[in-house]
Amino acid sequence: MEAIIIFVKYLIIFAVSYYVITFLARLFRKPTYRITMTDSQANTQLYLLAIAADGSKFETTTQAENALTFTNITDAKQFLAKLPQSSKPQLQVQRVLGWQNVSD
């Protein structure tokens, strides 16, 4: 019985350590950015998937995990500027608790 209690204690310590290390890694990693848009007809949130070099055409997706991501905010803002304002593009940054809008 005592061996089971010791095993459970070590299991709890391991689990807590894992979550603390994961939290700290998320806290100190480089930020990731993505661009979201609103589909005015369907009133759904879209994510930028690709954009042409001249900015004339762009592709979107409804799946957040497939969105184009950036590690440099300057690049993300350049792509944001190429998008039409009618699509209501917004820049988001991934924080510890999830994605949040970037305010200028």
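Residues numbered from 1 in each chain as written. Predicted model: local features only at pLDDT ≥ 70, side-chain atom pairs only at ≥ 80, totals over all residues. Heavy atoms only, no water.

1. Structural notes on the pairing of strand 2 (residues 44-51)
Thought 1: Examined bridge by bridge, strand 1 (residues 33-39) and strand 2 share four bridges and lie antiparallel to one another. Along strand 2, the bridge assignment pairs aspartate 39 with threonine 44.
Thought 2: Between strand 1 and strand 2, which follow one another and run antiparallel, lie four residues, and asparagine 43 among them has a positive phi close to 55°. (Pairing = 2+ DSSP bridges. Helix = DSSP H or I, 4+ residues; strand = E, 2+ residues; numbered from the N terminus.)

2. Re the nonpolar core
Side chains of a nonpolar character, in soluble globular proteins, are inclined to be buried together.
Thought 1: Among the nonpolar cores identified, the biggest contains eleven residues, and these are Tyr33, Ile35, Met37, Leu48, Ile51, Phe70, Ala76, Leu80, Leu83, Leu91 and Val93.
Thought 2: At the level of elements, strand 1, strand 2, helix 2 (73-82) and strand 5 (90-95) are the ones that each hand at least two residues to this core.
Thought 3: Sorting elements by how many residues they give to this core places strand 1 first, with three residues. (Core = buried A, V, L, I, M, F, W, Y, C linked by side-chain atoms within 4.5 Å. Buried < 20%, exposed > 50% of the residue type's maximum accessible area, 1.4 Å probe, protein only.)

3. A closer look at the environment of phenylalanine 28
Thought 1: Mapped onto the elements, phenylalanine 28 comes out in helix 1 (residues 2-28).
Thought 2: Between the C-alpha atom of phenylalanine 28 and that of serine 86, which follows or precedes it by 58 residues, the distance is 35 Å.

4. Observations concerning the side chain of threonine 61
Thought 1: Along the chain, threonine 61 turns up in strand 3 (residues 58-61).
Thought 2: Within the local environment of threonine 61, its side chain forms a polar contact with the backbone nitrogen of glutamine 63, the two atoms lying 3.2 Å apart.
Thought 3: Ignoring sequence-local partners within four residues, the contact set of threonine 61 consists of Leu46, Tyr47, Leu49, Asn66 and Ala67. (Polar contact = N/O pair within 3.5 Å; in protein donor to acceptor, adjacent residues only side chain to side chain. Contact = heavy atoms within 4.5 Å.)

5. Some points on the confidence of the model for the chain
Thought 1: Averaged over every residue, the pLDDT of the chain is 87; residues scoring 70 or more account for 98%.
Thought 2: The secondary structure element of the chain with the lowest average pLDDT is strand 3, at 88, and the one with the highest is strand 4 (residues 69-70), at 92. (pLDDT = per-residue confidence, 0-100.)

6. Side note on the packing of aromatic side chains
Thought 1: In total, this model carries two aromatic pairs according to the counting rule given.
Thought 2: Centroid distance tyrosine 18 to tyrosine 19: 5.3 Å. Interplanar angle 75°. Geometry classified as edge-to-face.
Thought 3: Of the residues examined, tyrosine 19 reaches a relative accessible area of 59% and is grouped as exposed.
Thought 4: For the pair phenylalanine 70 and phenylalanine 79, a centre-to-centre distance of 5.1 Å together with 45° between the ring planes defines the contact as tilted.
Thought 5: A relative accessible area of 24% means that phenylalanine 79 is categorised as partly exposed.
Thought 6: A cation over an aromatic ring shows up here: arginine 34 above the ring of tryptophan 99, its NZ or CZ 4.0 Å from the ring centre.
Thought 7: For the cation-ring pair, lysine 82 lies above phenylalanine 79, with the distance from its terminal atom to the ring centre recorded as 5.5 Å. (Phe/Tyr/Trp six-rings, centres within 6.5 Å; stacked < 30°, edge-to-face > 60°. Lys NZ or Arg CZ within 6 Å of the ring centre and 35° of its normal.)

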